[in-house]
Structures are given as C-alpha cells and as structure tokens.
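The residues making up each chain are set out below.
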Amino acid sequence: MLAIYKKEMRSYFTTATGYIFLAIALIISSFVFSVSTILASTPTSDTSSYFSIILFVMIVFLPILTMRSFSEEKRTKTEQLLLTSPNSIFSLVMGKFLSAFTMYIIYIALSLLNFITLFVFTPEGTTPPNVAMIIGNFTALILLGMCFIAIGIFVSTLTENMFASAVITVGILLGLLVINGTSTLLNADSLYLFRYVIDWFSPFARFDAFVYGYFDIGALIYYLSVTGIFLFLSERVFQARRLS
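As the structure is a computational prediction, the values presented were derived from the model and not from experiment.

J.: Before we go on, may I ask you to explain the overall build of the protein chain in this structure?
T.: Secondary structure summary: the protein chain contains 12 helices and zero strands in total. Start at the N end of the protein chain and walk to the C end: the helices and strands fall as α-α-α-α-α-α-α-α-α-α-α-α. Sorting the 244 residues of the protein chain into buried and exposed places 46% on the buried side. A separation threshold of at least 6 residues defines the contact pool for the protein chain, and within that pool the share at least 24 residues apart is 76%.

Written out as structure tokens, the structure reads:
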C-alpha cells in the first residue's frame with residue numbers, strides 16, 4: 001500500500017493534475033471567502049455562505065483528483081502490471097484513495113489561511129467568527145470529500161477515459177444533490193416515508209449537524225460506511241478483472 005501511495009503522490013506533482021487542482025481550488029476558495037465575508041456588500045464574520053459554495057466547488061473539482069486513478073492505468077496499458085503485482089487489490093485501491101485524500105487534506109489545510117484574515121480583520125460591528133461552526137463545517141467538508149473521492153475512484157475503475165470518469169463522477173454527485181433537494185419539496189404527510197428514505201441515503205442531508213457546530217456520531221459512521229462501500233466495490237471490480 002505504501003509503495004502505491006508514494007507512487008500516486010509523486011505522480012500528482014510530476015504531472016499537472018496536483019498543481020491544477022490545488023491552484024484553481026485555492027484561487028476560487030480565496031475569492032469566494034473574500035466576497036462572502038470581508039468584501040461582502042455588508043461585511044460579515046458569518047462563513048456559512050462560504051462553506052455552502054465550497055461544497056459545490058468540491059463536487060466539480062474532486063473528480064479531477066480521482067479521474068486518473070484507474071482510468072490512466074487502462075489508457076497507458078499499465079493495468080496488467082498492477083494486476084500481476086504481488087500487492088493485494090485492496091492495497092492498490094487504498095493506496096490510490098489515500099493519495100487523493102491526502103491531496104484534498106492539503107487543500108483543506110491551505111484554505112485555512114483564509115480564516116486568519118477574518119480573525120485578524122473582523123468586520124467592524126460584527127461578532128467574532130464562530131469557531132465551533134467553522135470546525136464543524138471543515139469536518140463536514142472532509143467527510144463529504146472522503147465519500148466523493150471513494151465514489152470517484154469507483155467510477156474510474158469502470159472506464160479508461162479520464163474525462164468520462166470525471167464527468168460521470170460529477171454527474172453522480174450532482175444527482176445526489178438534486179435528489180436531496182427534492183426531499184425539501186415533499187412536505188405532504190403521505191410522502192413522509194419517501195422523504196425519510198431520501199434523507200437517510202443522502203450524504204448531503206447529514207451535513208446539517210456539522211454546519212451548526214455539532215459533532216454527529218451517526219453521520220460519521222454513515223460517511224465512513226459509504227466510503228467503505230465504494231472502496232469495496234472498486235476492489236471487487238478490479239478483482240474481477242484480475243480473474244478474467
């Protein structure tokens with residue numbers, strides 16, 4: 001697993017993928033942070049708008065990290081080397097997942113620099129930033145990102161086209177977001193069960209507790225479970241290819 005992890009991390013910085021992801025994501029994050037807080041028409045220390053927008057940004061940008069995970073191996077014909085290597089399929093999948101997740105954590109860590117300006121230059125007449133809510137939102141972004149990466153890696157095992165892998169992953173994530181949005185429209189009592197099922201399966205519905213600064217153990221278990229399921233499916237797909 002460690003060898004795969006090192007190889008993947010090295011490839012992020014020997015190709016343009018890692019630089020593109022970090023540069024564009026950080027530029028957008030900084031811009032969104034500025035216009036939603038200090039430079040807003042009414043300056044505020046409330047960061048809820050920032051995190052809501054960043055959630056959409058990650059739906060688009062995280063597939064950039066995962067699109068090449070296994071798709072590139074197929075395209076460059078190096079997949080057979082992986083299939084015949086002494087490493088287990090599980091270690092291959094986990095190595096690629098952990099490398100993409102590490103890149104995401106690097107982005108999260110660098111984006112924290114935005115908040116230094118908010119604490120140093122708190123807009124006049126506003127309350128200091130709510131630290132609990134900021135920590136909760138970052139925790140939710142990390143957990144959601146973990147799920148998104150696992151989904152993206154699974155999709156990359158299904159196609160050798162990196163662009164197709166990214167587009168399909170974005171489509172799935174947007175589809176989950178739209179489905180979650182429909183639950184808010186189902187107000188009738190007769191549709192309560194349907195709304196409950198949607199909320200139970202939706203990764204976005206479990207975001208709310210963290211947004212308000214509460215740590216939801218049930219949501220943590222859910223996110224870890226979803227991540228595990230998609231990594232398991234990735235392992236199964238690759239294992240079937242090894243046996244074929």
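J.: How should helix α2 (residues 17-36) be read in this particular structure?
T.: In an α-helix, one full turn covers 3.6 residues, which means residues spaced three or four apart are oriented alike. In a regular helix each residue adds 1.5 Å, so 20 residues correspond to 28 Å; α2 covers 28 Å between its end C-alpha atoms and thus fits that length. For α2, every residue scored as buried is listed here: Thr17, Gly18, Phe21, Leu22, Ala25, Ser29, Val32, Phe33 and Ser36. Seen along its axis, α2 keeps its buried residues to an arc of 115°; they face one direction. The exposed residues of α2 that point more than 90 degrees off its buried face are Ile27 and Phe31.

J.: What is the right way to read the environment of Leu143 from this model?
T.: By secondary structure assignment, the location of Leu143 is in helix α8 (residues 131-156). Along the sequence, Leu143 and Leu220 sit 77 residues apart, while their C-alpha atoms lie 7.4 Å from each other.

J.: I would appreciate a short explanation of the pattern of salt bridges in the present structure.
T.: Between side chains of opposite charge, a pair can form when the charged atoms approach closely. Summed over the entire model, instances satisfying the criterion amount to four salt bridges. Note that Glu8 and Lys7 form a salt bridge whose closest N and O atoms lie 3.3 Å from each other. For Glu8, a relative accessible area of 1% corresponds to the buried category. Here Lys7 falls in the partly exposed class, since its relative accessible area comes to 34%. Across the pair Glu8 and Lys96 runs a salt bridge whose closest N-O atoms are separated by 2.8 Å. Of this pair, Glu8 sits in helix α1 (residues 2-14) while Lys96 sits in helix α6 (residues 89-111), and the two are 88 residues apart along the sequence.

J.: Explain the packing of α1 against α6 to me, please; I cannot follow it from the model alone.
T.: Each packed pair of helices is defined by two parameters, the angle between the axes and the distance between the axes. Packing of α1 against α6 brings their axes to within 8 Å, and their N-to-C directions diverge by 40°. Regarding the angle of α1 to α6, the classification is oblique. Helix-helix and strand crossings are classified by hand; for α1 and α6 the assignment is right-handed. On α6, the residues that touch Ile4, Tyr5, Glu8, Met9, Tyr12 and Phe13 of α1 are Ser91, Leu92, Gly95, Lys96, Leu98, Ser99, Ala100, Thr102 and Met103.

J.: Would you mind showing me how to read the nonpolar core here?
T.: Proteins that are soluble and globular tend to have nonpolar side chains buried together. Ranked by size, the top nonpolar core spans 61 residues in total, and within it Met58, Tyr104, Tyr107 and Tyr223 carry the most contacts. Ranked by residues supplied to this core, first place goes to α8 with 14 residues. If sequence neighbours within four positions are ignored, Tyr223 has contacts with Leu143, Leu144, Met146, Cys147, Pro203, Arg206, Phe207 and Phe210.

J.: How should the packing of aromatic side chains be read in this particular structure?
T.: Both the distance between ring centres and the angle between the ring planes are used here to describe each pair of aromatic rings. Here the structure, examined in full by the defined rule, presents 14 aromatic pairs. Between the aromatic rings of Phe33 and Tyr50, the centroid separation amounts to 5.3 Å while the plane-to-plane angle is 90°, which identifies the pairing as edge-to-face. Taken as a pair, Phe33 in helix α2 and Tyr50 in helix α3 (residues 48-66) lie far apart in primary sequence, 17 residues in all. Phe33 sits in the buried class, given a relative accessible area of 2%. Centroid distance Phe115 to Phe138: 5.3 Å. Interplanar angle 65°. Geometry classified as edge-to-face. Placement of Phe115 in helix α7 (residues 113-120) and of Phe138 in helix α8 is noted, with a sequence separation of 23 residues between them. The exposure class assigned to Phe115 is buried, which follows from its relative accessible area of 4%. Taking relative accessible area as the criterion, Phe138 reaches 8% and is therefore assigned buried. One aromatic cluster is present, built from ring pairs that chain together Phe33, Tyr50, Phe51, Phe115 and Phe138. If you follow Arg68 out to its NZ or CZ, it ends over the ring of Tyr12, 5.2 Å from the centre.

What counts as what
- Residues numbered from 1 in each chain as written.
- Predicted model: local features only at pLDDT ≥ 70, side-chain atom pairs only at ≥ 80, totals over all residues.
- Heavy atoms only, no water.
- Helix = DSSP H or I, 4+ residues; strand = E, 2+ residues; numbered from the N terminus.
- Buried < 20%, exposed > 50% of the residue type's maximum accessible area, 1.4 Å probe, protein only.
- Contact = heavy atoms within 4.5 Å.
- Expected span 1.5 Å × (residues − 1).
- Arc of directions from axis to C-beta.
- Salt bridge = Lys/Arg side-chain N within 4 Å of Asp/Glu carboxyl O.
- Axes fitted to C-alpha atoms, helices over the stretch in contact; angles between N-to-C directions.
- Parallel < 35°, antiparallel > 145°, perpendicular 65-115°, else oblique.
- Left-handed = near helix turned anticlockwise from the far one by under 90°.
- Core = buried A, V, L, I, M, F, W, Y, C linked by side-chain atoms within 4.5 Å.
- Phe/Tyr/Trp six-rings, centres within 6.5 Å; stacked < 30°, edge-to-face > 60°.
- Lys NZ or Arg CZ within 6 Å of the ring centre and 35° of its normal.

Nothing here speaks to function; it is all geometry.
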